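Single-letter residue listing:
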Amino acid sequence: MGDNMQWYVVHTLTGHEHKVKKILEKMIKDSNMEDAFGKIVIPVENQVRIKKGKKIVEEKRLYPGYIVIEMEGNDETLRLVNSISGVTHFLGSKAKPTPLGADEVNELLKQLEESKEKVVTKIPFAKGERVAVTDGPFTDFVGTIEEIYPEREKVKVLVVIFGRTTPIELGFHQLKSL
């Protein structure tokens, strides 16, 4: 590892982050430049989605279109990264990409560490939204979401039962948006 490694932000075409990372890793190896490169990071967090009643964990890119590369910023390494299809540019000026400051790097790495452990549940509903109950004793009832409890993946829905508005608590997977 060179001592003059710094972290650079590279802008890619959105959706090409993983492809660029893969190509870059291969090119670094092929050109024996492992010493000039460190980590290549795509900032993501894990999100849980409920799909057809099942929990699916998927990656959500925190900064779509960006990857962060630890490397020595010399002409050779910059040229290598810039030559990859899907890479649009480095953050900073064309002539001299700006490395991230130590604080920014620490912040980014901290964020990535936390998002690895923290799984964000994607809340499929909004307060005040009208929903239909798709499961359980209240199937086919229509109601309005009054409260959302993301950590329990439940909502409080106001439904009209026998002419009276009644709050019932249901899981995300028991509802669909109208």
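Refer to the structure presented above.
Residues numbered from 1 in each chain as written. Predicted model: local features only at pLDDT ≥ 70, side-chain atom pairs only at ≥ 80, totals over all residues. Heavy atoms only, no water.

Caption draft 1: Representation of the nonpolar core in the model. By size, the foremost hydrophobic cluster in this structure holds 20 residues, and its most contacted members are Leu24, Phe37, Ile69, Met71 and Val81. For Leu24, the contacting residues outside a window of four places in its chain are Phe37, Ile40, Ile69, Leu80, Val81 and Ile84. Judged by nonpolar contacts, the second largest core, of 12 residues, contains Val133, Val155, Val157 and Leu175. (Core = buried A, V, L, I, M, F, W, Y, C linked by side-chain atoms within 4.5 Å. Buried < 20%, exposed > 50% of the residue type's maximum accessible area, 1.4 Å probe, protein only. Contact = heavy atoms within 4.5 Å.)

Caption draft 2: Fine view of the environment of Pro64. Its place among the elements puts Pro64 in the loop between β4 (54-61) and β5 (66-72). Along the chain, Pro64 and Leu13 lie 51 residues apart, while their C-alpha atoms are 8.7 Å from each other. If near-sequence neighbours (up to four positions away) are discounted, Pro64 is found in contact with Thr14 and Glu17. (Helix = DSSP H or I, 4+ residues; strand = E, 2+ residues; numbered from the N terminus.)

Caption draft 3: Fine view of helix α2 (residues 75-82). Thr77, Leu78, Leu80 and Val81 are the residues of α2 that are buried. With its buried residues spanning 160° around the axis, α2 presents them on a single face. Turned more than 90 degrees away from the buried face of α2 sit Asp75 and Arg79, all of them exposed. Contact partners of the buried residues in α2: β1 (5-12), α1 (17-30), β2 (37-41), β5 and β6 (87-90). At the N-terminal boundary of α2, the capping side chain belongs to Asn74, with an oxygen 3.1 Å from the backbone nitrogen of Glu76. (Arc of directions from axis to C-beta. Polar contact = N/O pair within 3.5 Å; in protein donor to acceptor, adjacent residues only side chain to side chain.)

Caption draft 4: Representation of the side chain of Glu70. Its location among the elements puts Glu70 in strand β5. Although Glu70 lies buried, it forms no salt bridge, and the closest oppositely charged side chain, Lys39, sits 4.7 Å away as judged by the N-O distance. (Lys, Arg positive; Asp, Glu negative; His and termini not counted. Salt bridge = Lys/Arg side-chain N within 4 Å of Asp/Glu carboxyl O.)

Caption draft 5: Inspection of the sheet that holds strand β8 (residues 130-133) at higher detail. Sheet architecture is open: five strands sit in the order β11-β10-β9-β8-β12, paired in antiparallel fashion. Two strands close off the open sheet at either side, each with one partner strand: β11 (164-171) and β12 (175-177). When strand polarity is set aside, the average angle formed by the axes of neighbouring strands in this sheet is 45°. Where strand β9 (residues 142-149) meets strand β10 (residues 154-161), six bridges bridge the pair, whose relative direction is antiparallel. (Pairing = 2+ DSSP bridges. Axes fitted to C-alpha atoms, helices over the stretch in contact; angles between N-to-C directions.)

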